[in-house]
Amino acid sequence: MLCVRLNRAILSHISYERLVLKLSTLQVNQFVVKRCYSDMQDVSKLSKYSYWKETYARKHGNKMSFDWFVDANDVREQLTTELIRLKEGCQSHINVLDIGCGTSSLPFYMYKEIQTPVSLFCADFITDALRIQKGWLADTSPGHSSSVASFVTCNACSIPFLSNMFHMVIDKGTMDSLLKSSTGGKSKAEVMMSEVYRILCSGGKYLQITDEDPDVRLALLEDLSKKLPHEVSWSFITIDCNNYKEYFMFQFTKLI
C-alpha cells in the first residue's frame, strides 16, 4: 500500500511522498553495478543537472543500481554500527537523509536490512532517480515494521528540511560532484556543508564517502567547515571493498 502525505511542518515547496512499503525477495548484491569516473575526460559534467537527467532517463526500468565509489555491501558494517549507536540516544525513529541518493543501493539496504525503526529520506535533484528508488523500495518489506521511506526532489545546496532534524546524513559522491563544477565548485560545496550542519541534530553524524586521499580531502573539509557556527572534528576510515582501489568515509558529529 502506498500512502502519500504532505507535512508542511517539515517540508516546503518540494515533492514529498511517504510510503508504507511491502514484500520483496530481492537481495542488495543482486542489483549492484559500481561505477568509477576517474577516466572521464570532462568531469565537470558530473556537476550538471542535464548529465544526470539524461543518465537516469536512460536507466528507467533498469533493475541494476548505479553506485559511485562503493555499494551498500562495502559499508553495511559501518552504517549498522553507527545506526545502533544513534538509536541508543533516540526514543523514536532515526531520521536518515541520503543526500544525492541517485540510484544507489544504500537506500535499499538501509530500508530492508536495518532492524531499527528508521525514517529514511532519499533526496536527489533528478526525479527519475527517485522514481527508480521508489519502485525498488515499494516491492520490499522493511527491516523494522515501522520504518518508512520518503522521496524528496531537492538541491543539495538548499535542503528543504527543518534545522536539527536528522540523526544521520549520508553523502556518497554528492559533494564530489559539486566540486567538479567549472564554476564555483568549492563555493557550492561550502554551501552544502552549511546546509548539512544545519539539518543535523545535536549528536547527529555526517558521513561522506569518496575516493579522494585523506591528505587532500581532510584539508578541504576542514577549510569548508571554517564558516560553520561551531567547530567540528573530522575523522576518517578506509573502506575495504576488495577491488584494488581505496575509498574513504569521512565523518563528524555535531556536538551543539
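Counting starts from 1 at the beginning of each chain's written sequence and moves along it residue by residue. It should be noted that, the model being predicted, local features are given only for residues of pLDDT at least 70 and side-chain atom pairs only at 80 or more, the latter also being counted only at that level, while totals for whole chains, interfaces and linings use all residues. With hydrogens and water excluded, all non-hydrogen atoms of the structure serve as input to the side-chain values.

1. Observations regarding the nonpolar core
Among buried residues, the Ala, Val, Leu, Ile, Met, Phe, Trp, Tyr and Cys ones that are joined through side-chain atoms within 4.5 Å form a nonpolar core. Burial status follows relative accessibility: with a 1.4 Å probe on protein chains alone, a residue under 20% of its type maximum counts as buried, one over 50% as exposed, and anything between as partly exposed. If you look at the biggest cluster of nonpolar residues, it comprises 34 residues, and the most contacted ones within it are Val 70, Val 75, Leu 79, Val 96, Met 110 and Met 168. Ignoring anything within four residues of it in the chain, the contact list for Met 110 reads Leu 79, Val 96, Asp 98, Leu 120 and Ile 170. Counting residues in hydrophobic clusters, the runner-up holds 32 residues, among them Ile 159, Tyr 197, Leu 224 and Phe 252. The contact criterion used is simple: two residues touch if any of their non-hydrogen atoms lie within 4.5 Å.

2. Side note on the packing of helix α2 (residues 72-87) against helix α3 (residues 106-113)
Angles here are taken between N-to-C directions and fall from 0 to 180 degrees, while the axes themselves are lines fitted to C-alpha atoms, restricted in helices to the stretch in contact. Here a strand is any run of E in DSSP of at least two residues, a helix any run of H or I of at least four, and the numbering for each starts at the N terminus. Running from N to C, α2 and α3 point in directions that differ by 50 degrees, and their axes come no closer than 10 Å. If you check the angle between α2 and α3, you find them oblique. Handedness of the crossing formed by α2 with α3: right-handed. In this structure, α2 contributes Ala 72, Val 75, Arg 76, Leu 79 and Thr 80 to the contact, and α3 contributes Leu 106, Tyr 109, Met 110 and Glu 113. Considering only residue class, the contact of α2 with α3 consists of six nonpolar, one polar and two charged. What sets the label is the angle itself: under 35 degrees gives roughly parallel, over 145 gives roughly antiparallel, 65 to 115 gives roughly perpendicular, and the rest give oblique. We call a crossing left-handed when the near helix sits turned anticlockwise from the far one by less than a right angle, and right-handed when that turn is clockwise. Polar here means any residue other than Ala, Val, Leu, Ile, Met, Phe, Trp, Tyr, Cys and Pro, which are nonpolar, and Asp, Glu, Lys and Arg, which are charged; Gly is therefore polar.

3. Let's talk about the pairing of strand β4 (residues 94-99)
Counting buried positions along β4 yields six of six residues, so the element is predominantly enclosed. The alternating pattern of β4 places Ile 94, Val 96 and Asp 98 and Asn 95, Leu 97 and Ile 99 on opposite faces, both of which are buried. Here a strand pair is declared whenever DSSP counts at least two bridges between the two strands. Looking at chain direction, β4 and strand β5 (residues 118-124) are connected through six bridges and run parallel. Residue pairing for β5: Ile 94 is matched across the bridge by Val 118. Following the chain from β4 across α3 to the adjacent parallel β5, one finds a crossover that is right-handed. In this sheet, strand β7 (residues 166-172) lies alongside β4 in parallel orientation, the contact comprising three bridges. Residue pairing in the sheet places Asp 98 in a bridge with Ile 170 of β7. The handedness of a crossover follows from its direction of travel: if, with the strands pointing away from the viewer, the path from the first strand over the helix to the second runs clockwise, the crossover is right-handed.

4. Comments concerning the layout of surface pockets
Buried and open spaces are told apart on a 1 Å grid over the protein atoms alone, a cavity being a set of points where a 1.4 Å probe fits but cannot get out and a pocket being an open set with protein on both sides within 12 Å along at least five of seven lines. Residues with an atom within 4 Å of a point are the lining residues. Grid points are joined across faces, edges and corners, and a volume is the space filled by probe spheres set on the points. Within this model, the largest pocket holds a volume of roughly 430 Å³. Secondary structure elements with two or more residues in the lining of the largest pocket: α1 (49-59), β3 (65-68), β4, β5 and α5 (174-179). For the lining of the largest pocket, the residue count by class is 15 nonpolar, 10 polar and five charged.

5. A word on the environment of Asp 98
Residue position: Asp 98 is located in strand β4. Sequence spacing of Asp 98 and Asp 171 is 73 residues, and the spatial spacing of their C-alpha atoms is 6.3 Å. Those residues in contact with Asp 98 that lie beyond four places of it in its chain are Leu 106, Pro 107, Met 110, Phe 121, Cys 122, Ala 123 and Ile 170.

6. Quick notes on the pattern of salt bridges
A carboxyl oxygen of Asp or Glu within 4 Å of a side-chain nitrogen of Lys or Arg is what we treat as a salt bridge. This model, assessed by the stated rule, comprises 10 salt bridges. Salt-bridge contacts for Glu 82 lead to Lys 205; the nearest nitrogen and oxygen are separated by 3.4 Å. Placement of Glu 82 in helix α2 and of Lys 205 in strand β8 (residues 200-210) is noted, with a sequence separation of 123 residues between them. Considered together, Glu 82 and Lys 205 belong to a single accessibility category, that of buried residues. The partner of Lys 227 in a salt bridge is Glu 190, with the nearest N and O atoms 3.7 Å apart.

As far as function goes, none of this settles anything; it's purely spatial.
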